[in-house]
Amino acid sequence: MKTDPNDPIVVTGMGVVSPLGVGVDAVWQRLIDGGSGIVPNDRFDTTGFRSGIAGLVPGLYRDPEAGFDPSSVLDPKDLKKADVFIHYALGAAAQALEQAGWSPTTDEEKEATATVIGSGVGGSPVMARTVEIILNQGPRRLSPFTVPSFLANLAAGWVSIVHELKGPIGAPVTACAASAQAIGDGMRLILSGEAEIAVVGGAEGSVDPISIGGFGAARTLSSRPAEEAALASRPFDKGRDGFVLSEGGAALVIERLSHAQARGAIPLAEIAGYGTSADAYHLTAGRPDGEGAQRAMRSAIRMAGLNSSDIGYVNAHATSTEVGDAIELAALGSLFADSAEMPALSSTKASTGHMLGAAGAMEALISVQALRTGILPPTINLDNPDDEATRFDLIRGKGVEKSVRYALSNSFGFGGVNAALVFGAINA
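So, how was this worked out
Residues numbered from 1 in each chain as written. Predicted model: local features only at pLDDT ≥ 70, side-chain atom pairs only at ≥ 80, totals over all residues. Heavy atoms only, no water. Phe/Tyr/Trp six-rings, centres within 6.5 Å; stacked < 30°, edge-to-face > 60°. Buried < 20%, exposed > 50% of the residue type's maximum accessible area, 1.4 Å probe, protein only. Helix = DSSP H or I, 4+ residues; strand = E, 2+ residues; numbered from the N terminus. Contact = heavy atoms within 4.5 Å. Arc of directions from axis to C-beta. Pairing = 2+ DSSP bridges. Polar contact = N/O pair within 3.5 Å; in protein donor to acceptor, adjacent residues only side chain to side chain.

**Describing the packing of aromatic side chains**
Okay, step 1: Counted by the stated rule, this structure contains five aromatic pairs.
Okay, step 2: With 5.2 Å between their ring centres and 65 degrees between their planes, F44 and F49 make a pair best called edge-to-face.
Okay, step 3: Using a relative accessible area of 16% as the deciding quantity, one classes F44 as buried.
Okay, step 4: Using a relative accessible area of 27% as the deciding quantity, one classes F49 as partly exposed.
Okay, step 5: Taking the centre distance of 5.3 Å and the plane angle of 80 degrees together, the rings of F215 and F243 count as edge-to-face.

**Points about the side chain of N418**
Okay, step 1: Checked against the element boundaries, N418 lands in strand 16 (residues 417-424).
Okay, step 2: Note on N418: relative accessible area 2%, which makes it buried.
Okay, step 3: Residues within four places of N418 in sequence aside, it is in contact with Q181, G275, T276, S277, A278, D279, G292, A293, A296, S411 and F412.

**Concerning helix 1 (residues 24-32)**
Okay, step 1: Along helix 1, the positions that sit buried rather than exposed are V24, V27, W28, L31 and I32. For helix 1, the angular spread of the buried residues around the axis is 120 degrees, confining them to a single face.
Okay, step 2: On its buried face, helix 1 sits against strand 1 (9-18), strand 2 (21-22), helix 2 (84-100), helix 12 (349-352), helix 13 (359-373) and strand 12 (375-376).
Okay, step 3: Taken from the residues just after helix 1, G34 is the one with a positive phi, measuring 85 degrees.

**Brief notes about the pairing of strand 1**
Okay, step 1: Across the 10 residues of strand 1, 10 count as buried, placing the element largely inside the fold.
Okay, step 2: Across three bridges, the pairing between strand 1 and strand 9 (residues 269-278) is antiparallel. In the sheet register, V11 faces strand 9, and the bridge partner there is A269.
Okay, step 3: In terms of strand pairing, strand 1 meets strand 2 through two bridges, oriented antiparallel. Looking at strand 2, one finds that S18 is bridged to G21.
Okay, step 4: Hairpin connection from strand 1 to strand 2: two residues lie between these consecutive antiparallel strands.

**What to know about the environment of S277**
Okay, step 1: Following the sequence through the fold, S277 ends up in strand 9.
Okay, step 2: Each C-alpha atom, one on S277 and one on G122, is 23 Å from the other, the two residues being 155 residues apart in sequence.
Okay, step 3: Leaving out residues up to four positions away in the same chain, S277 has contacts with G292, A293, R295, A296, G416, V417 and N418.
Okay, step 4: Separated by 2.6 Å, the side chain of S277 and the backbone oxygen of G292 make a polar contact.

**A word on unusual backbone geometry**
Okay, step 1: Positive phi outside glycine occurs at E164, with the angle close to 55 degrees.
Okay, step 2: With respect to the element layout, E164 can be found in the loop between helix 6 (154-163) and strand 6 (169-170).
Okay, step 3: Residue classification places E164 among the partly exposed positions, given a relative accessible area of 42%.
Okay, step 4: Although it is not a glycine, A280 sits at a positive phi angle of roughly 50 degrees.
Okay, step 5: Within the fold, A280 resides in the loop between strand 9 and helix 10 (291-303).

Written out as structure tokens, the structure reads:
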């Protein structure tokens, strides 16, 4: 399945709720300025946990300029019916739909609109609280909305209900590749004619004892002290000691260019290619040579009708773990082995932490912004790069002005799932 070069699929709206704040403009400015959303974790008592830091979505009390107010996207009486990841999905989707200028009113418009919102985990904070209630108060104290508040597909469900989107609906639950696959699934629905426009993305809210404890037990989380929180996420840096668990949501509105033009919408970027693959190797680690990841990237580039040398910027999945970063660098090294000039490279998880199932959509949004603005976002905390990373044009510290035509965004997850997206600049 390929896109039509004469009528490509384009992004017309974007929205974000993240540790760097809420709203594309505010988040982008903080990102390219070298900001960090990693802070001490005050969601629960972290005594005894390996990690006491996290990427937390700021509330208005902490960030009056760009904090998140869940009551702005959901009636206060409904907030307890939905876990926090659903709040984030609703916030991001509302922004994306507003920018796209899409508010379907007719049955035809509603039925033509797909909703695909992925999540790697779903509502684990609710699950953790549910266990406490059962143990301390008994099962009769549970809310009848307990199950629908934590199901991973309910982010898509709530977005569909709130905005009356009646087209195809889906929710990839493929770990840290979930929202990248959500974008790819939305592309396929449009290409197949099942939808004309789609709200796609991902959300995660799993800064809770289950996730922090579980990832800590696997020894994958950074254990830097709270006072060094902003320095903890260090993709491609030899001084890293693990990733930082984060939360948030990101959403894009995508449609054919002809559909956008017919309704006067402004295209932000083209989604030129998508590829996905399985490692079929290990539960939590990819092949050391990155063969599976490389296949996903090659598929995305092939769908776009490009060569690897056409890619000017890569937003890497790199989470700040030694094994994961090395595998991706091996894959990228093979992918660009024949390129006369190596592409620019950064991992913005240094600033945001790892948003798990929301990471792919977050980084897709960042890639689109890079193409739109001509500024490539940095990897902060990159003081002593891995030797293999130095082969690339590393963007370090703060954003760098550099116009590129095509950007590649990678997402990989437990179970051996790989996803890659290629975005193209409009009128470049």
